[in-house]
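Geometric and topological summary
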Amino acid sequence: MLVVDDDFMVAKVHSRCVSAMDGFAVVGVAHSGADALRAAERLRPDLLLLDVYLPDMDGLDVLRGLRAAEARDGGRPTADVLFITAARDAGTVRAALRAGALHYLIKPFHQAALREQLRHVASLRTRFDSIAVHGQARQEDVDQLFGTRPPGSRELPKGLAAHTAELVERTLRAHPGGLSATECAEGGTLSRVSARRYLEYFTATGRAEVTLRYGGTGRPERRYRWVG
């Protein structure tokens, strides 16, 4: 990952946050647009954390320059771009979206928000890898890559209801640390069996992940966390 910010201390804070996460590493830091483009050419990072306000050009021009360089070099992998900036005017946000930014975080923000976006990036890359292996995309793959459709628009398997799915989703989102099926059932006033069905559905479609918690006797506890 390449961190691009004109503020040396801010760049250092972002770099520490990224380096502390499994699966991520900072390969370089740049403090101007020109330095960012040169570093991207030399280092070929998978992801840029990019500020809009830079001393020589704005981050949107950096992104456009990056895409032009990638287009000229057919063998060069495409880097994802996550804007981290104090720029909040509608025109800039729209321009970032149209230029191909993956997401846009407005300063100031809690580092948990950055970590969540980085986990989202990792999830998207895993989804892309899965599509590449199978050669075809499922609708849930496309929904995750392009953004969630309006509530109730997803096709649910027979026996699952949209309003219950939304209830389980809200319950899971409200507990970023994860829940067991029993805890989810209690939080959503559902039966454990019903909660487990929806949790497993979300896991199968890539919107939740499951981990196993070992302890005591018997089978390990399955814990679910929303990632979609």
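See above for the structure.
Residues numbered from 1 in each chain as written. Predicted model: local features only at pLDDT ≥ 70, side-chain atom pairs only at ≥ 80, totals over all residues. Heavy atoms only, no water.

**Observations concerning helix α2 (residues 33-43)**
Those residues of α2 not exposed but buried are G33, A36, A39 and A40. Projected down its long axis, α2 shows its buried positions confined to an angular sector of 125°, all on one face. Sitting at the amino-terminal end of α2 is S32, which places a side-chain oxygen 3.2 Å from the backbone nitrogen of D35. With its phi angle positive at about 50°, R44 sits one or two positions after the end of α2. (Buried < 20%, exposed > 50% of the residue type's maximum accessible area, 1.4 Å probe, protein only. Helix = DSSP H or I, 4+ residues; strand = E, 2+ residues; numbered from the N terminus. Arc of directions from axis to C-beta. Polar contact = N/O pair within 3.5 Å; in protein donor to acceptor, adjacent residues only side chain to side chain.)

**Quick word on the packing of α2 against helix α3 (residues 59-72)**
Remark: α2 packs on α3, axes separated minimally by 10 Å, with the N-to-C direction vectors making an angle of 25°. By the criterion of interaxial angle, the relationship of α2 to α3 is roughly parallel. The interaxial crossing formed by α2 with α3 has right-handed handedness. In this structure, α2 uses G33, A36, L37 and A40 to contact α3, whose residues at the interface are V62, G65 and L66. (Axes fitted to C-alpha atoms, helices over the stretch in contact; angles between N-to-C directions. Parallel < 35°, antiparallel > 145°, perpendicular 65-115°, else oblique. Left-handed = near helix turned anticlockwise from the far one by under 90°. Contact = heavy atoms within 4.5 Å.)

**Details of the sheet that holds strand β2 (residues 28-30)**
Paired through backbone hydrogen bonds, the strands of a sheet run either parallel or antiparallel to each other. Strand order in the open sheet formed by 5 strands is β2-β1-β3-β4-β5, and the pairing between neighbours is parallel. Of all the strands in the sheet, just β2 and β5 (103-106) have a single pairing partner and so form its edges. On average, adjacent strands in this sheet sit at an angle of 15° to one another, irrespective of strand direction. Here strand β4 (residues 80-85) runs beside β5; their pairing, made up of 4 bridges, is parallel. Residue pairing for β5: I84 is matched across the bridge by L105. The sheet contacts of α2 involve β1 (2-4) and β2, and relative to β1 the element is tilted by about 180°. Most of the contacts of helix α5 (residues 111-134) go to β4, to which it runs at about 170°, and overall it touches β3 (47-50), β4 and β5. (Pairing = 2+ DSSP bridges.)

**Description of the pairing of β4**
Most of β4 sits inside the fold, with 5 of its 6 residues counted as buried. Of the strand pairs in this sheet, β3 and β4 are connected by 4 bridges, and their pairing is parallel. Within β4, the residue paired with L48 across the bridge is V81.

**Remarks on α5**
Taking 1.5 Å of rise per residue, the 24 residues of α5 would be expected to cover 34 Å, and the 35 Å separating its terminal C-alpha atoms lies within 8% of that figure. Of the positions making up α5, those classed as buried are L114, Q117, L118, V121, S123, L124, R127 and I131. Taken from the residues just after α5, G135 is the one with a positive phi, measuring 80°. (Expected span 1.5 Å × (residues − 1).)

**A few points about the side chain of T171**
Topologically, T171 is positioned in helix α7 (residues 162-173). Owing to a relative accessible area of 9%, T171 belongs among the buried residues under this scheme. Filtering out sequence-adjacent residues up to four positions away, T171 remains in contact with L179, C184, G187 and G188.

**Considering unusual backbone geometry**
The residue after K107, namely P108, is reached through a cis peptide bond having omega -5°. Among the secondary structure elements, P108 is positioned in the loop between β5 and α5. Within the chain, T189 stands out as a residue other than glycine whose phi angle is a positive 55°. Position of T189 relative to the elements: it lies in the loop between α8 (181-188) and α9 (192-204).

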